[in-house]
Amino acid sequence: EAGVTQFPSHSVIEKGQTVTLRCDPISGHDNLYWYRRVMGKEIKFLLHFVKESKQDESGMPNNRFLAERTGGTYSTLKVQPAELEDSGVYFCASSQGVGEAFFGQGTRLTVV
Amino acid sequence: SQQGEEDPQALSIQEGENATMNCSYKTSINNLQWYRQNSGRGLVHLILIRSNEREKHSGRLRVTLDTSKKSSSLLITASRAADTASYFCATDPAGRRALTFGSGTRLQVQP
């Protein structure tokens, strides 16, 4: 069974550019989460999808971040325009019901 | 302070020794999980302990949970160099599915 996959694994962009991160959850998992770890600090929650609906987006830092999950399958997280403080590792996780959350390998975003 | 805080922030031990990491949290939880992150890689789930459990074992891992003190500990016995990583506890506050992580403990196991 394939795990949670994220693409790209690493992205380097200039300040002001746009970047789109993708997450493919484990097939059949209704819950999809985005987290990020900035500058070696704690891992912070961004938002939670249940199927295609945003269940909780209280962690989204500002309106430069846009997450979608059309059709309730894969999800994208777009940062536009990117700022230096957006650099970090973005993790995606999926779960079924209240079960264990499985994480992807993360996308390391570097904004220069 | 943050929900799900680990201490110590950094721990350096010799191979073969035991490593103990602690985690404190603030709100009621459904369960508590421990994760590991090797440098530059993704999060690996280690163990989940439910709020009605007090202790759980998995291989060389032993996790305890004290809901009255809102704390948990992760013990890694007979550590190996490959255990070098950052370890995070994560809680799911009651009423919320998303996990809340602490800042982690960086464990260095010297060969």
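This one's a predicted model, so the numbers in the text were calculated from it and none came from an experiment.

Cut-offs used in this document
- Residues numbered from 1 in each chain as written.
- Chains lettered and ligands numbered in written order.
- Predicted model: local features only at pLDDT ≥ 70, side-chain atom pairs only at ≥ 80, totals over all residues.
- Heavy atoms only, no water.
- Phe/Tyr/Trp six-rings, centres within 6.5 Å; stacked < 30°, edge-to-face > 60°.
- Helix = DSSP H or I, 4+ residues; strand = E, 2+ residues; numbered from the N terminus.
- Buried < 20%, exposed > 50% of the residue type's maximum accessible area, 1.4 Å probe, protein only.
- Disulfide = S-S within 2.5 Å.
- Contact = heavy atoms within 4.5 Å.
- Buried area = accessible area lost by both parts, 1.4 Å probe.
- Polar contact = N/O pair within 3.5 Å; in protein donor to acceptor, adjacent residues only side chain to side chain.
- Nonpolar A, V, L, I, M, F, W, Y, C, P; charged D, E, K, R; others polar.

1. Quick notes on the packing of aromatic side chains
Part 1 of the argument: A complete count under the given rule lists 9 aromatic pairs over all chains for this structure.
Part 2 of the argument: With 5.1 Å between their ring centres and 80° between their planes, A:F103 and B:Y35 make a pair best called edge-to-face. With A:F103 in strand 10 (residues 102-103) and B:Y35 in strand 4 (residues 29-37), this residue pair bridges two chains.
Part 3 of the argument: Using a relative accessible area of 0% as the deciding quantity, one classes B:Y35 as buried.

2. Description of the state of the cysteines
Part 1 of the argument: A complete count under the given rule lists 2 disulfides over all chains for this structure.
Part 2 of the argument: At a sulfur-sulfur separation of 1.8 Å, the disulfide partner of A:C23 is A:C92. Looking along the S-S bond of the A:C23-A:C92 disulfide, the torsion reads about -65°, which is the left-handed sense. Here A:C23 is found in strand 3 (residues 19-24), whereas its partner A:C92 is found in strand 9 (residues 88-95), with 69 residues between them in sequence.
Part 3 of the argument: We classify A:C23 as buried; its relative accessible area is 0%.
Part 4 of the argument: In this model B:C23 forms its disulfide with B:C89; the gap between the sulfur atoms is 2.0 Å. With the S-S dihedral at roughly 65°, the linkage between B:C23 and B:C89 falls on the right-handed side. Of this pair, B:C23 sits in strand 3 (residues 19-24) while B:C89 sits in strand 9 (residues 85-93), placing them 66 residues apart in sequence.
Part 5 of the argument: Exposure remark for B:C23: the relative accessible area of 2% places this residue in the buried category.

3. Observations regarding the interface of chain B and chain A
Part 1 of the argument: Taken together, the contact pairs 18 residues of chain B with 19 residues of chain A.
Part 2 of the argument: Summed over both partners, the interface of chain B with chain A buries about 1,700 Å², with 52% contributed by carbon and sulfur atoms.
Part 3 of the argument: Of all residues in chain B, B:L43, B:R97 and B:F101 bury the most surface against chain A, accounting for 32% of the area lost on that side.
Part 4 of the argument: Taken together, chain B and chain A are joined by 4 residue pairs in polar contact (both at pLDDT 80 or more).
Part 5 of the argument: Broken down by secondary-structure element, the contributors of at least two residues to the side of chain B that touches chain A are strand 4, strand 5 (43-50) and strand 9 of chain B.
Part 6 of the argument: It is strand 4 of chain B that contributes the most residues to the side of chain B that touches chain A, 3 residues altogether.
Part 7 of the argument: Residues of the side of chain B that touches chain A, tallied by class, amount to 6 nonpolar, 9 polar and 3 charged.

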